[in-house]
Amino acid sequence: MPAVAVTRGRLTGLHEIVDVGRDRARGGYSRHVWQPAEIELRAWFVERAERLGLGVEHDRNGNIWAWWGAPGDDAVVVGSHLDSVPGGGEYDGPLGVVSALDAIALLQSTGFTPGRPCAVVVFAEEEGSRFGVACLGSRLMTGAIDPERAGALADADADGVRFAEAAEANGIAARHLGRDDAALGRIGLFLELHVEQGRGLIGLDSPVAVASSILAHGRWRIDIAGEANHAGATRMGDRRDPMVAAARGIVAVRDAAAARGDDRATVGRIHALPGGTNVIPSAVTTWLDARSARDDDTRDLVAEITARVGAAAAAEGCSVTVVEESWSGAVHFDPVLRDGLAARLGGIPALPTGAGHDAGILAAHVPTAMLFVRNPSGVSHSPEEHATLDDAVAGVVALEHVLRGLL
Ligand code: GLV
Ligand code: MN
Ligand code: MN
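Fair warning: this is a prediction, and the values are worked out from it, not measured in the lab.

(A) The arrangement of the pattern of salt bridges in detail. Counted according to the given criterion, the structure contains 26 salt bridges. The salt bridge partner of D23 is R26, with a shortest N-O separation of 2.8 Å. On the basis of relative accessibility, which here comes to 12%, the residue D23 falls in the buried class. In this structure, R260 and E304 form a salt bridge, with 2.8 Å as the shortest nitrogen-oxygen distance. Here R260 is found in the loop between α8 (242–258) and β11 (264–273), whereas its partner E304 is found in helix α9 (residues 295–315), with 44 residues between them in sequence. What makes R260 partly exposed here is its relative accessible area of 27%. Owing to a relative accessible area of 25%, E304 belongs among the partly exposed residues under this scheme. Three or more residues joined by partner-sharing salt bridges are found here, namely E16, E47, R48, R51 and D102.

(B) Just the coordination of the manganese ion (ligand 2), in detail. Coordination sphere of the manganese ion (ligand 2), protein contribution only: D92 (OD), E127 (OE), E127 (OE) and H381 (NE2), at 2.1 to 2.7 Å. Ordering the donors of the manganese ion (ligand 2) by residue number gives the pattern D-x34-E-x253-H. Here the manganese ion (ligand 2) and the manganese ion (ligand 3) are spaced 3.6 Å apart, and both take D92 as a donor. On the criterion of sequence distance, the pair formed by D92 in the loop between β5 (75–81) and α3 (94–109) and H381 in the loop between β17 (368–373) and α12 (389–406) is long-range, its members being 289 residues apart. On the accessibility criterion, D92 (5% relative accessible area) is buried.

(C) Just the coordination of the manganese ion (ligand 3), in detail. Protein-derived ligands of the manganese ion (ligand 3) are H81 (NE2), D92 (OD) and H194 (NE2), with the metal-ligand distances lying across 2.0 to 2.2 Å. Between consecutive donor residues of the manganese ion (ligand 3), the sequence gaps follow H-x10-D-x101-H. You can call H81 buried: its relative accessible area is 0%.

(D) Broad picture of empty space enclosed by the protein. Within this structure, the stated rule accounts for one cavity of 30 Å³ or more. Its volume calculated, the largest cavity comes out at about 30 Å³. Together, I222, I224, A246, G249, I250, V253, V267, T286 and V309 line the largest cavity. Counting only elements with at least two residues in the lining of the largest cavity, the list comes to β9 (216–225) and α8.

(E) Examining the site of ligand 1 more closely. Around ligand 1 sit E127, R291, A355, G356 and H381, and those are all the residues in its vicinity. Contacts to ligand 1 include E127, whose side-chain N or O atom sits 3.1 Å from an oxygen atom. A distance of 3.1 Å separates an oxygen atom of ligand 1 from a polar side-chain atom of H381. Classifying every residue of the shell around ligand 1 by side-chain character gives one nonpolar, two polar and two charged.

(F) Quick peek at the domain arrangement of the protein. By domain assignment, the protein separates into domain 1 (6–215 + 330–406) and domain 2 (216–328). Distance between the C-alpha centres of domain 1 and domain 2: 32 Å. Listed as interface residues are 14 residues of domain 1 and, on the opposing side, 13 residues of domain 2. Viewed at the interface, domain 2 and domain 1 are joined by zero salt bridges. In this assembly, domain 1 and domain 2 are joined by nine residue pairs in polar contact (both at pLDDT 80 or more). The residue inventory of the side of domain 1 that touches domain 2, partitioned by class, reads seven nonpolar, four polar and three charged.

(G) Structural view of the layout of surface pockets. In this structure, the second largest pocket encloses a volume near 390 Å³. Along the walls of the second largest pocket sit 20 residues, with A156, R221, R269, W287 and E325 positioned nearest its centre. Taken together, the elements giving at least two residues each to the lining of the second largest pocket come down to β9, β11 and β13 (283–292). Tallied by class, the residues present in the lining of the second largest pocket amount to ten nonpolar, three polar and seven charged.

(H) Examining the environment of A3 more closely. Looking at the element boundaries, A3 is found in the segment before β1 (6–7). Spatially, the C-alpha atom of A3 lies 40 Å from that of R291, the residues being 288 residues apart in sequence.

(I) Local environment of the packing of aromatic side chains. Taken as a whole and judged by the stated rule, the model has seven aromatic pairs. Seen in terms of ring centroids, W68 and F112 are 6.4 Å apart; in terms of plane orientation they differ by 45 degrees. Their pairing is tilted. You can see W68 sitting in strand β4 (residues 64–68) and its partner F112 sitting in the loop between α3 and β6 (118–123), a full 44 residues away along the chain. Each of the two residues, W68 as well as F112, counts as buried. With a centroid separation of 5.3 Å and an interplanar angle of 85 degrees, the aromatic rings of F131 and F163 are classed as edge-to-face. Of this pair, F131 sits in the loop between β6 and α4 (136–142) while F163 sits in helix α6 (residues 163–169), placing them 32 residues apart in sequence. Members of the aromatic cluster, connected to one another through ring pairs, are W65, W67, F123 and F190.

About the thresholds
- Residues numbered from 1 in each chain as written.
- Chains lettered and ligands numbered in written order.
- Predicted model: local features only at pLDDT ≥ 70, side-chain atom pairs only at ≥ 80, totals over all residues.
- Heavy atoms only, no water.
- Salt bridge = Lys/Arg side-chain N within 4 Å of Asp/Glu carboxyl O.
- Buried < 20%, exposed > 50% of the residue type's maximum accessible area, 1.4 Å probe, protein only.
- Helix = DSSP H or I, 4+ residues; strand = E, 2+ residues; numbered from the N terminus.
- Donors = N, O, S within 2.8 Å, 3.2 Å for Na, K, Ca; no water.
- 1 Å grid on protein atoms, 1.4 Å probe; cavity = no way out; pocket = protein on both sides within 12 Å on 5 of 7 lines; lining within 4 Å.
- Points joined across faces, edges and corners; volume = space filled by probe spheres on them.
- Near = heavy atom within 4 Å.
- Polar contact = N/O pair within 3.5 Å; in protein donor to acceptor, adjacent residues only side chain to side chain.
- Nonpolar A, V, L, I, M, F, W, Y, C, P; charged D, E, K, R; others polar.
- Domains from an automatic or database assignment.
- Contact = heavy atoms within 4.5 Å.
- Phe/Tyr/Trp six-rings, centres within 6.5 Å; stacked < 30°, edge-to-face > 60°.

See the structure below:
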């Protein structure tokens with residue numbers, strides 16, 4: 001077996017991008033869609049794919065496809081994403097893209113030629129870090145989000161650029177955003193390799209697992225409105241303070257999920273208006289991320305949280321609005337494909353995941369599978385996210401073996 005390309009303790013592809021989008025303030029990487037770091041990664045992907053002789057296409061939703069041989073129907077498509085959360089790790093997304101290219105390079109080096117079309121895809125805005133809705137590129141392609149709504153999504157930062165504007169600035173015609181039957185119709189099967197994001201593979205005697213399911217999850221914006229006033233001149237009893245309501249609400253988010261077994265609920269982002277140290281805010285917005293094994297249980301959890309935040313706000317004389325920003329039902333990956341891959345890879349374990357993926361969006365349309373590579377830190381969406389070189393190489397070799405069987 002030829003060697004996987006390695007440079008200074010990393011897969012060579014990861015080494016080539018190791019400095020792109022480093023975030024000195026937050027730590028880790030901030031590589032948000034169509035901001036300079038992510039644009040640089042896109043250019044790197046195109047260049048690296050072309051070095052392998054792949055033919056690059058840009059679709060009308062911001063996703064990039066690199067074809068090994070002629071594009072065609074019933075293709076085996078492998079891929080992931082290059083964007084990150086703010087201050088994210090090195091592996092979430094890029095490991096899957098690099099491993100896909102490396103697996104093809106391995107196949108090429110043995111003289112293998114595919115018997116069916118094959119592509120590596122990079123999906124746009126998987127994390128939803130810039131425009132708020134995760135897996136935007138795959139949702140648009142599959143018609144899972146209305147293109148008008150997607151185009152109107154505003155940048156989470158203060159500049160408020162719309163997704164449609166960012167798309168136009170990067171060569172995508174906003175009027176052509178939306179379901180792409182031509183692109184979707186060519187996919188015979190989708191495979192995403194990803195760093196494992198919890199402790200699922202720690203202690204198991206395998207560097208690689210196959211995915212079984214994804215938790216049902218979504219994002220909700222919670223706006224709490226009160227009354228702006230002076231921090232010094234307003235007696236404590238005279239306040240309608242949305243920050244206090246938000247604080248009690250956030251504790252309720254944690255308590256509601258913790259009381260429900262293995263449910264998860266998080267507030268990772270908060271914004272106070274106007275945001276002055278000596279100003280009681282007029283409004284506070286928090287964003288809720290809630291996840292559970294079943295769709296109904298996730299909906300129940302959010303209903304309970306909504307009621308508890310509403311009570312906390314009422315006690316402060318504030319009002320609340322809750323808006324669903326995205327929803328992803330529970331995913332159970334194709335059992336035949338899952339078991340076939342696990343068997344081909346020597347009986348590797350099957351693991352559920354709490355993280356969302358483009359593979360979860362694709363699974364509603366085409367046979368889809370995921371491979372997870374062990375993460376010894378058990379931490380993700382953080383600079384601590386990790387995969388050892390040996391395990392990353394094992395992931396590439398596993399993908400190569402799987403592709404050899406499928407192609
Ligand atoms: C993406 O990684 C998510 O699970 O939100
Ligand atoms: Mn992620
Ligand atoms: Mn990811």
